[in-house]
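Examination of the molecular architecture
Each chain, written out:
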Amino acid sequence: MHATRLGIVVAAGLGVALLAAGVVTGGARAWIGYLAGAVALVAIPLGSLALLAANRLIGGGWTGPVAPVLLAAARTLPLALLLFLPIPFALGEIYPWTGRADPAPVWLSEGFFIGRTVGYFAIWLASLALLVRGGGQRVAVGVALALYTVSGSLAGVDWLMTLDPLFNSSMFGLLFVAGHLVAALAFAALVTYAREPERPVGMVGGLLLAGVMTVAYLDYMQFLVVWAADHPAEAQWYVRRGAGALAVGFTLLVIAAKALVPTVALAWPAVRLRQRPLAIAAGIVLAGHLLNTAWLALPEADGVVPAALAFAGVVSLGAAAAIARLAAQSPAA
Amino acid sequence: MMDAADRHALFEPLTRQIAEITLHRRIRVAWWLALLASAALTALFVVGIVWLFAEGVGIWGINIPVTWGLDIVNAVWWVGIAHAGTLISALVLLMRQTWRNALNRFAEAMTLFAVTIALIFPVIHLGRPEVFYWMLPIPNAAGVWPQFRSPLLWDVFAYLSYFLLSATFWYLGLMPDFATLRDRARARWQAWIYGRLALGWRGSAVAWARWRQTYLAVAACAFIVVSVHSAVAMLFASSLLPGWHSTIFPPMFVVGAVFSGLATVVILAAVLRWSFCLDNVITDEHFDILSRLMLGAGLFTGYTYGLALFHAWFGGDLHARHTVVLRLAGSLAWQTWLSVALSLGVLQALWWARVRRSPAGAALVGAAVVVGMWLERYAIITGGLARDFLPSAWRDYAPTLPEWLLQIGAFGLFCLLFVLFTRFVPLISIFEVKAEAAANGGERHG
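Quantities reported herein were computed from a predicted structural model and do not represent experimental measurements. (Residues numbered from 1 in each chain as written. Chains lettered and ligands numbered in written order. Predicted model: local features only at pLDDT ≥ 70, side-chain atom pairs only at ≥ 80, totals over all residues. Heavy atoms only, no water.)

In this section: the overall build of chain B. When its secondary structure is counted, chain B shows 16 helices and zero strands. The C-alpha radius of gyration of chain B comes to 23 Å, within 12% of the 22 Å expected for a compact globule of 446 residues. Seen along its three principal axes, the alpha-carbon backbone of chain B occupies a region of about 80 × 55 × 40 Å. Taking all 446 residues of chain B together, 55% fall into the buried category. In chain B, once contacts between residues fewer than 6 apart in sequence are set aside, the share between residues at least 24 apart is 80%. On chain B, roughly 19000 Å² of surface is accessible, and the fraction owed to carbon and sulfur atoms is 70%. Looking at chain B, you have 31 positive and 23 negative side-chain charges, and the mean spots of the two groups are 5 Å apart. (Helix = DSSP H or I, 4+ residues; strand = E, 2+ residues; numbered from the N terminus. Rg over C-alpha atoms; globule rule 2.2 N^0.38 Å. Buried < 20%, exposed > 50% of the residue type's maximum accessible area, 1.4 Å probe, protein only. Contact = heavy atoms within 4.5 Å. Areas by Shrake-Rupley, 256 points an atom, 1.4 Å probe, with all protein chains shown as cover. Lys, Arg positive; Asp, Glu negative; His and termini not counted. Charge placed at Lys NZ, Arg CZ, Asp CG, Glu CD.)

Given below as structure tokens:
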């Protein structure tokens, strides 16, 4: 218990310190990092919600081993909503499309943007209520899942893709939603191991492998289409992520953490089917998710360092919250 | 564990039921009629090809800007139909789902025949089909070398490797059943032929173990199925044409392919069950599962349509937005709405369990989906080319008689191959259905 409390204090302290460092070094330029942190964290409750809904719809016990953690994670959605509250006040600092008068934008007007985000959260919280109550006809769960797929895709486009108003990829939303599922599953596998190291993992490793490979496929296809068509408006988005040794190194790190290492590792039954190796692989996938979100957002920032500090700060605060919640629940819950 | 007598009692009726169809059953008039009809349609295909080779592609309706017509529509559509066979047989095998066992044999046959037809179209659409091998990177004196950065070349590799993989997988799965046919054959010539085809299979434990390893290894290679239709999608997405260039195209094509393929499997399952009285093997439960998969694939396809349209509008590009308008309310709208009504509209009937579990109902929905997905390919391919950046160069496309001959003839060829398949190859995987029956304690087939 003592170690848990220490963990919470260290993570929270680190989070506050990093956030403060971001603000001190970059001022308002740290906001993109804050946004990226919030977006990376909200993926866990959203992905958990979608996995639980999908399992209820399709049937079968494939989330069984991690279902309690998924449910607990899904219940943190209101907490993630809190993270988004300051963002409407900083839209001008984050998005380059704000403040345009001519031509009057329709989709990218500030009021409509905020209204949409409110709408997304309303859909998700209603879906959460439906799922937590345990009731809900299969049709209702199916509708919730369909609504999540559409609203999640649009949210990804709104929050991250419009950081560069010229970039337009119809795959972006699907990638965003698929990333949620993988991140939530990895998180649940990791936490389940931390709470109950002996609990059998069932199909979780196989599911994680399938998810990681699917996202890698989608990521690669988006890149391949953009590379082959070579349209400047789209290509410059990737060019920016490959400009300079640091950017290339970071891109390679993201590819390794979210695709290469977990795919190779989880292909082995010795990793996929055993608790501890699976937990390590899941940890790498989760790290890959966080790095990937940073990779999507931070290159659009004016100064990368303050944004990166703020991103790390928010993620650290999220970790503190996660540890605190887990400590409050006994494994039997 | 069951003893030998139990096993015999459990397995014998099933083995006899399936093997009889191939070995002993008197050939019915209906089968001859089906063979005759499909052979007549295949003759149209031959006529279409001879005509084409004699006159050249000028007899088709294609011209600048629409240089891809029914030839490429069919190459894309047929290879798409093939996808469900691979999904059902290989990927579901890896997920250790046993319901596939009644379906995989004819679904794989469907895959093989559909890929074969899909391979014919790109070759005959070349102005000079006799030099099709120039597409392969073969060292040669003329110094002809393919462009490795072109999706056209990726498609050559994708189609060919897909054909090889599905043929290998199908044959591997057939070996134990060929041995069963050999052992039960009454005529010597039948025993001789099926014995050769079984490659000396004796059913020893070692043979089974090796076979199992190989079968799973080939199944694991089936993930290339995803790359096949992705490479097809790259033909369009890698261009800059409004209505073609969209990053969602690879997954949209893959899911759409699986969607149309599942619809074809449902149709074939219904026809086979009715023709050969296989109610105890292809059950209502199978139709329920296939229908659910079809519904899921269809809804996901609809979602990808939504993404493609939204982002064409969202990007703000004048041409892309104009294409959206043309497709939804303009001169191309009839293609869009007819395709959506047939594929996604009729599909909604599958929300009702009664439709899902009825072979006739599911097959009717499947037929609408297959036609709808053909129209979708037609709309994307010809519609995209007909309306590019230069309005003064816009020109519509209408297929000519030689193209329709090939269209109908290809359908005939598929039917012909399938009719022959039902007669000479066990159309259900005997040993896998037996294994499933044994695992279930003989509840279903006893």
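Picking up after the structure, the text goes on.
Further remarks concern the overall build of chain A. In terms of regular secondary structure, chain A is built from 14 helices and zero strands. When the helices and strands of chain A are listed from N to C terminus, the series reads α-α-α-α-α-α-α-α-α-α-α-α-α-α. The C-alpha radius of gyration of chain A comes to 19 Å, within 12% of the 20 Å expected for a compact globule of 333 residues. Buried residues in chain A amount to 49% of all 333 residues. Carbon and sulfur atoms make up 74% of the accessible area of chain A, which totals about 14000 Å². Each charge sign in chain A was given a centre, from 17 positive and 12 negative side chains, and these centres are 17 Å apart.

What follows is about the confidence of the model for chain B. Averaged over all residues, the pLDDT of chain B equals 91, while 98% of them reach at least 70. Both scores are given for the predicted complex: the pTM is 0.94, the ipTM 0.94. (pLDDT = per-residue confidence, 0-100.)

Another aspect to go through is the side chain of B:H311. By the element assignment, B:H311 lies in helix α10 (residues 284-314). Taking the relative accessible area as the measure of exposure, B:H311 reaches 4% and is therefore buried. Not counting residues within four places of it along the chain, the set of residues in contact with B:H311 comprises A:V157, A:M161, A:N168, A:S169 and A:S170.

The next subject is the interface of chain B and chain A. Taken together, the contacts link 26 residues of chain B with 27 residues of chain A. On inspection of chain B and its partner chain A, the count reaches zero salt bridges. Remark: the boundary between chain B and chain A carries nine residue pairs in polar contact (both at pLDDT 80 or more). Here the side of chain B that touches chain A is composed, by residue class, of 16 nonpolar, eight polar and two charged. (Salt bridge = Lys/Arg side-chain N within 4 Å of Asp/Glu carboxyl O. Polar contact = N/O pair within 3.5 Å; in protein donor to acceptor, adjacent residues only side chain to side chain. Nonpolar A, V, L, I, M, F, W, Y, C, P; charged D, E, K, R; others polar.)

To continue, consider the pattern of salt bridges. Residue and element names in this part refer to chain A. Summed over the entire model, instances satisfying the criterion amount to 20 salt bridges over all chains. R241 serves as the salt-bridge partner of E300, at 2.8 Å between the closest nitrogen and oxygen. You can see E300 sitting in the loop between α13 (275-297) and α14 (304-328) and its partner R241 sitting in the loop between α10 (232-240) and α11 (245-266), a full 59 residues away along the chain. Of the two residues, E300 and R241, both sit in the buried class.

Further remarks concern a nonpolar patch on the surface. Residues and elements named next belong to chain A. A grouping of V248, L252, I255, L260 and V261 is seen on the molecular surface, where their side chains present a nonpolar patch of about 420 Å² in accessible area. As for its placement among the helices and strands, V248 is situated in helix α11. By relative accessible area, V248 is classed as partly exposed at 37%. (Patch = residues over 30% accessible without salt bridge, like charges linked within 9 Å, V, L, I, M, F, W, Y side chains within 5 Å.)

So, about the packing of helix α7 (residues 138-159) of chain A against α10(B). Two quantities define a packed helix pair, namely the angle between the helix axes and the distance between the axes. Contact geometry for α7(A) and α10(B): axes closest at 12 Å, N-to-C directions at 25 degrees. With respect to their mutual orientation, α7(A) and α10(B) come out roughly parallel. The way α7(A) lies across α10(B) gives a crossing that is right-handed. Contacts between α7(A) and α10(B) involve A:R138, A:T149, A:V150, A:S153, A:L154 and A:V157 on the former and, on the latter, B:R292, B:Y303, B:L307, B:F310, B:H311 and B:F314. Per-class residue counts for the contact of α7(A) with α10(B) are seven nonpolar, three polar and two charged. (Axes fitted to C-alpha atoms, helices over the stretch in contact; angles between N-to-C directions. Parallel < 35°, antiparallel > 145°, perpendicular 65-115°, else oblique. Left-handed = near helix turned anticlockwise from the far one by under 90°.)

Quick look at the packing of aromatic side chains now. Residue and element names in this part refer to chain B. If you walk through the whole model with that rule in mind, you get 52 aromatic pairs over all chains. Taking 4.5 Å as the distance between ring centres and 20 degrees as the angle between the ring planes, the aromatic pair formed by W211 and Y215 counts as stacked. With a gap of four residues between them, W211 and Y215 both fall in helix α7 (residues 205-220), about one helical turn apart. With respect to burial, W211 and Y215 carry one shared label: buried. Judged by centre distance (5.5 Å) and plane angle (20 degrees), the ring pair of W374 and Y378 falls under stacked. With W374 and Y378 both in helix α14 (residues 359-386), this residue pair falls four residues apart, about one helical turn. Its relative accessible area of 13% is what places W374 among the buried residues. Taking relative accessible area as the criterion, Y378 reaches 8% and is therefore assigned buried. One aromatic cluster is present, built from ring pairs that chain together W77, W78, F113, W170, F414, F418 and F421. (Phe/Tyr/Trp six-rings, centres within 6.5 Å; stacked < 30°, edge-to-face > 60°.)

What follows concerns the nonpolar core. If you look at the biggest cluster of nonpolar residues, it comprises 237 residues, and the most contacted ones within it are A:W159, A:L160, B:F106 and B:F236. For this core, the element with the highest residue contribution is helix α2 (residues 31-58) of chain A, accounting for 17 residues. With residues up to four places along the chain from it excluded, the contact list for A:L160 reads A:L35, A:V39, A:A155, A:F172, A:F176, A:T293, A:L296 and A:A297. (Core = buried A, V, L, I, M, F, W, Y, C linked by side-chain atoms within 4.5 Å.)

All names here are of chain B. The terminal C-alpha atoms of α7 lie 23 Å apart, and with 16 residues this matches the ideal 22 Å at 1.5 Å per residue to within 8%. All of the buried residues along α7 are W211, Y215, V218 and A219. Taken around the axis of α7, the buried residues stretch over an arc of 100 degrees, which confines them to a single face. Exposed residues on α7 whose side chains face more than 90 degrees from its buried face are A205, R210 and Q213. Where α7 is buried, its residues meet α3 (70-94), α4 (104-124), α5 (151-184) and α16 (430-439). (Expected span 1.5 Å × (residues − 1). Arc of directions from axis to C-beta.)

Attention now goes to the environment of A:A50. Residue and element names in this part refer to chain A. Residue position: A50 is located in helix α2. A50 gets classed as buried once you look at its relative accessible area, which sits at 5%. A C-alpha to C-alpha distance of 12 Å links A50 and L125, two positions 75 residues apart in sequence. Excluding residues within four positions of it along the chain, A50 makes contact with L145, Y148 and L181.

Once that is clear, we can look at the environment of B:G127. All names here are of chain B. For G127, the position within the fold is in the loop between α4 and α5. Residue G127 is classed as exposed on the basis of its relative accessible area, which comes to 63%. Each C-alpha atom, one on G127 and one on V265, is 34 Å from the other, the two residues being 138 residues apart in sequence.

Below, the discussion takes up the packing of α2(A) against helix α4 (residues 77-84) of chain A. Residue and element names in this part refer to chain A. Remark: α2 packs on α4, axes separated minimally by 9 Å, with the N-to-C direction vectors making an angle of 165 degrees. By the angle between their directions, the pair α2 and α4 is classed as roughly antiparallel. The way α2 lies across α4 gives a crossing that is left-handed. Residues Y34, A38, V39, L41, V42, P45 and L46 of α2 lie in contact with α4, whose contacting residues are L77, A80, L83 and F84. Here the contact of α2 with α4 is built from residues that sort into 11 nonpolar, no polar and no charged.

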